[in-house]
Amino acid sequence: MKEKNALGTRERLDKVLANHGYGTRKEVKRIIHSGAVLVNGEEITDDSFHVNLAEDSISIDGERLDTKLNAYIMLNKPAGYVCTTKEGERPTVFSLLDEEVMHKYLGGELQLVGRLDVDTEGLLLITSDGELNHRITSPQHHVPKTYFVRLESPITSAEKKEDYIKQLAEGMHIEAEGHEPEADCLPADLVWKKDDECEITVYEGKFHEVKRLFAALGNEVIYLKRLRVNKLYLDENLIPGDWRELTQEELKLIQVE
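Residues numbered from 1 in each chain as written. Predicted model: local features only at pLDDT ≥ 70, side-chain atom pairs only at ≥ 80, totals over all residues. Heavy atoms only, no water.

**Considering the overall build of the protein**
Step number 1: A tally of helices and strands in the protein yields 6 helices and 18 strands.
Step number 2: In terms of its C-alpha atoms, the protein occupies a principal-axis envelope of roughly 75 × 40 × 35 Å.
Step number 3: For the protein, the proportion of contacts with a sequence separation of at least 24, taken over those separated by at least 6, is 62%.
Step number 4: Carbon and sulfur atoms make up 47% of the accessible area of the protein, which amounts to about 13900 Å² in all.
Step number 5: Put simply, the protein has 33 plus and 49 minus side-chain charges, and the middle of one group is 2 Å from the middle of the other. (Helix = DSSP H or I, 4+ residues; strand = E, 2+ residues; numbered from the N terminus. Contact = heavy atoms within 4.5 Å. Areas by Shrake-Rupley, 256 points an atom, 1.4 Å probe, with all protein chains shown as cover. Lys, Arg positive; Asp, Glu negative; His and termini not counted. Charge placed at Lys NZ, Arg CZ, Asp CG, Glu CD.)

**Side note on the environment of Phe214**
Step number 1: For Phe214, the position within the fold is in helix H5 (residues 209–216).
Step number 2: Linking Phe214 and Leu151, residues 63 residues apart in sequence, is a C-alpha distance of 8.5 Å.
Step number 3: For Phe214, the contacting residues outside a window of four places in its chain are Val149, Leu151, Tyr164, Leu190, Cys198, Ile200, Asn219 and Val221.

**Remarks on the pattern of salt bridges**
Step number 1: Tallied over the full model, the rule gives 15 salt bridges.
Step number 2: A salt bridge links Glu11 to Lys15, with the nearest nitrogen and oxygen atoms 3.8 Å apart.
Step number 3: With a relative accessible area of 23%, Lys15 lands in the partly exposed category.
Step number 4: Here Asp14 makes a salt bridge to Arg25, at a shortest N to O gap of 3.8 Å. Of this pair, Asp14 sits in helix H1 (residues 13–19) while Arg25 sits in helix H2 (residues 25–33), and the two are 11 residues apart along the sequence.
Step number 5: Take Asp14: its relative accessible area is 0%, and that puts it in the buried class. (Salt bridge = Lys/Arg side-chain N within 4 Å of Asp/Glu carboxyl O. Buried < 20%, exposed > 50% of the residue type's maximum accessible area, 1.4 Å probe, protein only.)

**Here's the deal with the sheet that holds strand S3 (residues 37–39)**
Step number 1: In spatial order, the strands read S4-S3-S6-S7; together these 4 strands make up an open sheet with antiparallel pairing. Every interior strand has two partners, whereas the edge strands, strand S4 (42–43) and strand S7 (63–65), have only one.
Step number 2: Note: S3 against S4, 2 bridges, orientation antiparallel. By the bridge assignment for S4, Val39 is matched with Glu42. (Pairing = 2+ DSSP bridges.)

**Re empty space enclosed by the protein**
Step number 1: Inspection of every chain in the model, using the stated rule, returns 1 cavity of 30 Å³ or more.
Step number 2: By volume, the largest cavity amounts to about 40 Å³.
Step number 3: If you go around the largest cavity, the residues you meet are Tyr72, Ile73, Val113, Leu125, Ile126, Thr127, Leu132, Ile136, Leu246 and Ile254.
Step number 4: Contributions of two or more residues to the lining of the largest cavity are made by strand S8 (72–77), strand S10 (121–127) and helix H3 (130–137).
Step number 5: For the lining of the largest cavity, the element with the highest residue contribution is S10, accounting for 3 residues.
Step number 6: Grouping the constituent residues of the lining of the largest cavity by class yields 9 nonpolar, 1 polar and no charged. (1 Å grid on protein atoms, 1.4 Å probe; cavity = no way out; pocket = protein on both sides within 12 Å on 5 of 7 lines; lining within 4 Å. Points joined across faces, edges and corners; volume = space filled by probe spheres on them. Nonpolar A, V, L, I, M, F, W, Y, C, P; charged D, E, K, R; others polar.)

**Overview of the environment of Glu42**
Step number 1: Along the chain, the position of Glu42 falls in strand S4.
Step number 2: Glu42 sits in the exposed class, given a relative accessible area of 51%.
Step number 3: Along the chain, Glu42 and Arg150 lie 108 residues apart, while their C-alpha atoms are 59 Å from each other.

**Observations regarding the pairing of strand S11 (residues 145–151)**
Step number 1: Of all the 7 residues making up S11, 6 are buried; the element is thus mostly covered by neighbouring parts of the structure.
Step number 2: Pairing of S11 with strand S15 (residues 197–202), which is carried by 6 bridges, proceeds in the antiparallel orientation. Following the sheet pairing, Phe148 is matched in S15 by Glu199.

**Focus on the nonpolar core**
Step number 1: In this structure, Val149, Ile200 and Phe214 are the most contacted members of the largest nonpolar core, which totals 38 residues.
Step number 2: Every element with two or more residues in this core is listed here: S8, S10, S11, helix H4 (158–170), strand S14 (189–194), S15, H5 and strand S16 (221–229).
Step number 3: The next biggest cluster of nonpolar side chains, apart from the first, holds 16 residues, and it includes Met74, Val229, Leu232 and Leu238. (Core = buried A, V, L, I, M, F, W, Y, C linked by side-chain atoms within 4.5 Å.)

**A closer look at the pairing of S14**
Consecutive side chains of a regular strand alternate in pointing toward one face of the sheet and then the other.
Step number 1: In this structure, S14 lies alongside S15, joined through 5 bridges in antiparallel fashion. Note that in S15 the partner of Asp189 across the bridge is Thr201.
Step number 2: Between S14 and S15, which pair antiparallel one after the other, the connecting turn spans 2 residues.

**So, the packing of aromatic side chains**
Step number 1: If you walk through the whole model with that rule in mind, you get 3 aromatic pairs.
Step number 2: Relative to Tyr223, the ring of Phe148 has its centre 6.0 Å away and its plane inclined at 65 degrees; by these criteria the two rings are edge-to-face. Here Phe148 is found in strand S11, whereas its partner Tyr223 is found in strand S16, with 75 residues between them in sequence.
Step number 3: Here a set of aromatic residues connected by ring pairs shows up, and it is made of Tyr164, Trp192 and Phe214.
Step number 4: Taking the ring centre of Trp192 as reference, the NZ or CZ of Lys161 above it sits at 5.7 Å. (Phe/Tyr/Trp six-rings, centres within 6.5 Å; stacked < 30°, edge-to-face > 60°. Lys NZ or Arg CZ within 6 Å of the ring centre and 35° of its normal.)

Written out as structure tokens, the structure reads:
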């Protein structure tokens, strides 16, 4: 059973070892009973012993175990990859990750924090923290997401640009697409960069929302890249297809109150 206190999450020692590839629960119990496991330098032979994942040092036969409750990954998604776990005609974003991070974490399986279309690039978060994932993707929290957009038809008129800004700020109606019904969208923020380029921030996650918003304005998105989720921006040093784990400071930036 998992326990929590002010210092962090506590977990059964046998479960920790099993989730880090040391065998089945039965096999790791034998390892623990043999006296091969030290916690903070002390031999532990009780398999039900609870360890503090944030503070305790665990070693097996003298080798330090790097314990992780959850994974928090930033991926710069390239176009052509699908946001699913199932292999198909196109490769999945999970195929971009190293095998070492693809195991089951104590917090759960790796899962996508929202999705990006196959032709959309940019910031994609992957985590095993189901609670955080739910808070970020839940419609009730209105977590901001910023996208870079390139449009098919440039807008050269300052008046027309202001009209785009105004309509999006008031909230727009988008037409049905595929199995998705028509809908009224929350207000969105638009900043123009060039006549055919802008950044838009939306506060919900409707299907193809950005593309449908610009379609409602009479334009078409020809390139789309997510730049930000909540307060976290995509690391510009990550080339498409690269990923890394979030720092503690970055993890704070995606927390939802």
